[in-house]
Amino acid sequence: MAVDELQAIIQRCQILEEADFKGEDFNLFQVAGQKCLEDGYAAQLLEVIQNEKNKVIIKNMGWNLISPLVRCIFMYKQDDDRRELCLRILDQLAQLCNPKELFLGLLEQIEQTSGEQVCQTVMLLLQPLQTVLLKLQNKKAYSVGLSLAMIMNQLTPLPVPYTKQQIQEDKLGLCQCCNAVVDFAKPFVNEVVKNMEKSSEYNDMELKEELVKFCMKSLKYPLLTAQLEQLEGIEDHPFRQFATEIIDILWNIRELIPLVFLHPKAKSSDWEDQEFADIEQKNSAESLACLSYLMFVQHFGIECFPMVFSPSYLLQCNMSHVEVLLKRTEESMLSKGLDLFESCLLRMEDGSLLHQYLEFKDFVNVPQDLVKIMTLCPIEHVRKKSLNILQLFIDKFDTEGKYTLFRCLLKTSNHAGVEGYIIKNIKDQVHVSLTKEYDNIWFTGHHLISLLDLVLSLPEGAETDLLQNSDRIMASLNLLRYLVIKDCESDNQTGVWTTLAKIEQNFLKPLRVGLNMSRAHYEAEIKNKKENRKEAQSSNTVCSVTVGGEKLPAMTTGMQLQVLHSALFTFDLIESVLARVEELIEVK
């Protein structure tokens, strides 16, 4: 029945001129063709399509069969003969249909797919879409760009496999699909390369620009999110293979090196709406950051890179990329940022980075971002790596650079643990200054005194929360103890003896008062808790604590007492070092 209906409409259209085809004819052809597919008459439909007499009809109407054809292909299993027939029909349509109409039909089908069928649909239609695009004469570059953009937009919402197991399973087919898209783009890359070889002044930039846009989108997704380290048991890592192909495309069309040195803010935008311009700039910045990561950490395309740049210049070029990655919260992107920063720093010798680099905003922002990761990131190994890289960054600066960086971090970190860590670094630099033969003006004399004004102080005087600031206070006391022991009053290289009265007034006396107040307060709390313990046990009274909006398990009176005793132990530690400092000052 379905075949008869199809033959009837075919016979009717065979006697018509191409210009006389009506909308009704298109509809009837589509309905009849769809019935043939659904009723299992794909072989008969293929015969109709291959018949030379129907060439004009298929050219004009065949594209209408794309949607039902795709549905049928997915309905049949891989080894089903009917599926093979449908694939042959699709191939014939790609050869015979009007390229413009079929192009729109294929794109519409890709646009309408969603969920688990996205990758399957894209991989199914890539070959016919490529065939059609190669036939197009007008607006070819635009059509290639539209196709690549549509495909990437459909893939972007899909989760990127990250673990070894996820990559091996490739549940949605994303790994396979990404590499299939690169194969789809290769003929157009070859066309650009061929034209560039013909003429040194290659003027047709449209197709080249569309390929660059595709590469930039690929760098942001999936490569920015993907796990790109070599994984044991995966010989051909799909995302490493995809990254290699993207780098190859950029190199072949002569855009790799210009992009590596392109500052994200230097890229002009065609958007009139500032909001869209900002989004494009953000996307571009993340893509360029990923490109730098691929080249300088994973060494994709590094053989193409000119080895004429100093390590400090490469660090300067990459700092904006590091900043972009460290602003993100996802582990995959944070790790890439840390790896890129570490890779640039390891190329440099200690003390070789000039202090003038701190005049660049990125060189101040990045260590502050590291501090945020160290103190706020929930992933322990990322926090530890951030701390190691901050130390590496400090080590690379010259003495004045270290001094300036310490001042900056003491003023901006707002975290006692970080401040304590910086003060320990200051102590190490003072030690170097006192034990080396050459003069170091930055960690002795008036420069050091200026730094000590920041270090040897209490934020709120005697009322400072000593527990919250214990790391900073202990580090400050240890620094002062070191200075008093190492620097004799007669030498006074550090200048600490000159300013001792000020230190006692602003730091030691308020600290002593604060310790007495805090100890008295906590001892009174312990006394109250012990007195009320029996009453609390009989009424099952507990203390609840809320952190970050989440209620922690209730604290019993015993637990509260343990916390209070722990606080007293901290005060004992501070007081023991304070007493030693006061004793040393008195003796000397």
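Above: the structure in question.
Reading the values: rules and limits
Residues numbered from 1 in each chain as written. Predicted model: local features only at pLDDT ≥ 70, side-chain atom pairs only at ≥ 80, totals over all residues. Heavy atoms only, no water. Helix = DSSP H or I, 4+ residues; strand = E, 2+ residues; numbered from the N terminus. Buried < 20%, exposed > 50% of the residue type's maximum accessible area, 1.4 Å probe, protein only. Contact = heavy atoms within 4.5 Å. Areas by Shrake-Rupley, 256 points an atom, 1.4 Å probe, with all protein chains shown as cover. Phe/Tyr/Trp six-rings, centres within 6.5 Å; stacked < 30°, edge-to-face > 60°. Lys NZ or Arg CZ within 6 Å of the ring centre and 35° of its normal. Patch = residues over 30% accessible without salt bridge, like charges linked within 9 Å, V, L, I, M, F, W, Y side chains within 5 Å. Salt bridge = Lys/Arg side-chain N within 4 Å of Asp/Glu carboxyl O. Expected span 1.5 Å × (residues − 1). Bend = angle between axes of the 7 residues up to and from the residue. Polar contact = N/O pair within 3.5 Å; in protein donor to acceptor, adjacent residues only side chain to side chain. Axes fitted to C-alpha atoms, helices over the stretch in contact; angles between N-to-C directions. Parallel < 35°, antiparallel > 145°, perpendicular 65-115°, else oblique. Left-handed = near helix turned anticlockwise from the far one by under 90°. Nonpolar A, V, L, I, M, F, W, Y, C, P; charged D, E, K, R; others polar.

Novice: Before we move on, could you go through the overall build of the protein chain and cite the residues and values that matter?
Specialist: The helix and strand inventory of the protein chain stands at 26 helices and two strands. Relative to its 588 residues, the protein chain shows a buried fraction of 49%. Considering only contacts within the protein chain whose residues lie at least 6 apart along the sequence, 74% involve residues at least 24 apart. Element-wise, carbon and sulfur atoms account for 49% of the exposed surface of the protein chain, whose accessible area totals about 29900 Å².

Novice: Lay out the packing of aromatic side chains with the relevant residues and their values.
Specialist: A full pass over the atoms with the stated rule returns 16 aromatic pairs. Geometrically, the ring pair formed by F261 and F309 is tilted, given 4.8 Å between the ring centres and 50 degrees between the ring planes. In this pair, F261 sits in the loop between α14 (256-260) and α15 (274-296) while F309 sits in the loop between α15 and α16 (311-326), placing the two residues 48 residues apart along the sequence. The class for F261 is partly exposed, based on a relative accessible area of 27%. Look at F309 and you get partly exposed, because its relative accessible area is 31%. Both rings, one in F341 and one in F393, keep their centres 5.3 Å apart while their planes meet at 55 degrees; by these two values the pair is tilted. Of the two residues, F341 sits in helix α17 (residues 331-346) while F393 sits in helix α19 (residues 380-396), which places them 52 residues apart along the sequence. By the burial criterion, F341 is buried, and F393 matches it. Grouped by ring-pair contacts, the aromatic residues F341, Y357, F360, F363, F393 and F397 constitute a single cluster. Positioned above the aromatic ring of Y293, the side-chain terminus of K336 is 5.5 Å from the ring centre.

Novice: Requested: an account of the environment of R407, with residues and values cited.
Specialist: By the secondary structure assignment, R407 is in helix α20 (residues 399-412). Through-space distance from the C-alpha of R407 to that of L451 is 7.0 Å; in sequence the pair is 44 residues apart.

Novice: I'd like a rundown of a nonpolar patch on the surface, residues and numbers included.
Specialist: Taken together, V308, F309 and Y313 make up a surface patch of nonpolar side chains, about 270 Å² in accessible area. Looking at V308, the relative accessible area reads 66%, which means it is exposed.

Novice: An account of helix α11 (residues 174-198) is needed here, citing residue identities and associated values.
Specialist: The end-to-end C-alpha distance of α11, which contains 25 residues, comes to 37 Å, matching closely the 36 Å that a straight helix rising 1.5 Å per residue would cover. Of all the bends found along α11, the most pronounced is centred on K186 and spans about 35 degrees, while P187, a proline, follows it within four residues.

Novice: Hey, could you go over helix α8 (residues 118-135) for me, with residue numbers and the actual values?
Specialist: Think of an α-helix as turning once every 3.6 residues; residues three or four places apart then point the same way. With 18 residues, α8 extends 25 Å between its outermost C-alpha atoms, agreeing within 8% with the 26 Å of an ideal straight helix rising 1.5 Å per residue. A maximum bend of about 40 degrees is found in α8 at L126, where proline P128 lies one to four positions downstream. Extensive coverage of α8 is indicated by the burial of 13 of its 18 residues.

Novice: Can you tell me about the environment of G417, naming the residues and giving the values?
Specialist: Structurally, the position occupied by G417 is in helix α21 (residues 416-435). Accessibility expressed as a relative area gives 25% for G417, which makes it partly exposed. The sequence separation of G417 and D471 amounts to 54 residues, and the corresponding C-alpha distance is 5.3 Å.

Novice: Give me the lowdown on the side chain of N60, citing residues and values where you can.
Specialist: Structurally, the position occupied by N60 is in helix α4 (residues 55-61). Take N60: its relative accessible area is 15%, and that puts it in the buried class. Separated by 2.8 Å, the side chain of N60 and the backbone oxygen of V56 make a polar contact.

Novice: Give a detailed account of the packing of helix α5 (residues 66-75) against helix α6 (residues 81-96), specifying residues and quantitative values.
Specialist: Packing of α5 against α6 leaves a shortest axis separation of 9 Å and a crossing angle of 150 degrees. Here α5 lies roughly antiparallel to α6, going by the angle between them. Helix-helix and strand crossings are classified by hand; for α5 and α6 the assignment is left-handed. Contact with α5, carried on its side by I66, L69, C72, I73 and F74, involves R83, C86, L87, I89, L90 and L93 of α6 and no other residues of that element. By residue class, the composition of the contact of α5 with α6 is ten nonpolar, no polar and one charged.

Novice: Any chance you could break down unusual backbone geometry for me, citing the residues and the numbers?
Specialist: Residue P222 is reached from Y221 by a cis peptide bond, and omega for that bond is 5 degrees. A positive phi is found at R254, a non-glycine position, where the angle reads about 65 degrees. With respect to the helices, strands and loops of the structure, R254 is situated in the loop between α13 (238-252) and α14. Positive phi values are uncommon outside glycine, yet N492 reaches one of about 50 degrees. In this structure, N492 sits in the loop between α23 (470-486) and α24 (500-531).

Novice: Tell me about the pattern of salt bridges, and name the residues and values.
Specialist: Under the criterion given, the structure shown has 24 salt bridges. Residue E286 pairs with R328 through a salt bridge whose shortest N-O separation is 2.5 Å. In this pair, E286 is assigned in helix α15 and R328 in the loop between α16 and α17, connecting sequence segments 42 residues apart. The class of R328 is buried, set by a relative accessible area of 19%. One salt bridge connects E582 with R512, and the closest N-O pair in it is separated by 2.9 Å. Linking E582 in helix α26 (residues 557-587) with R512 in helix α24, this pair joins segments that are 70 residues apart in sequence. On the accessibility criterion, E582 (28% relative accessible area) is partly exposed. When salt bridges that share partners are traced, they join R512, R519, D572, E575 and E582 into one network.

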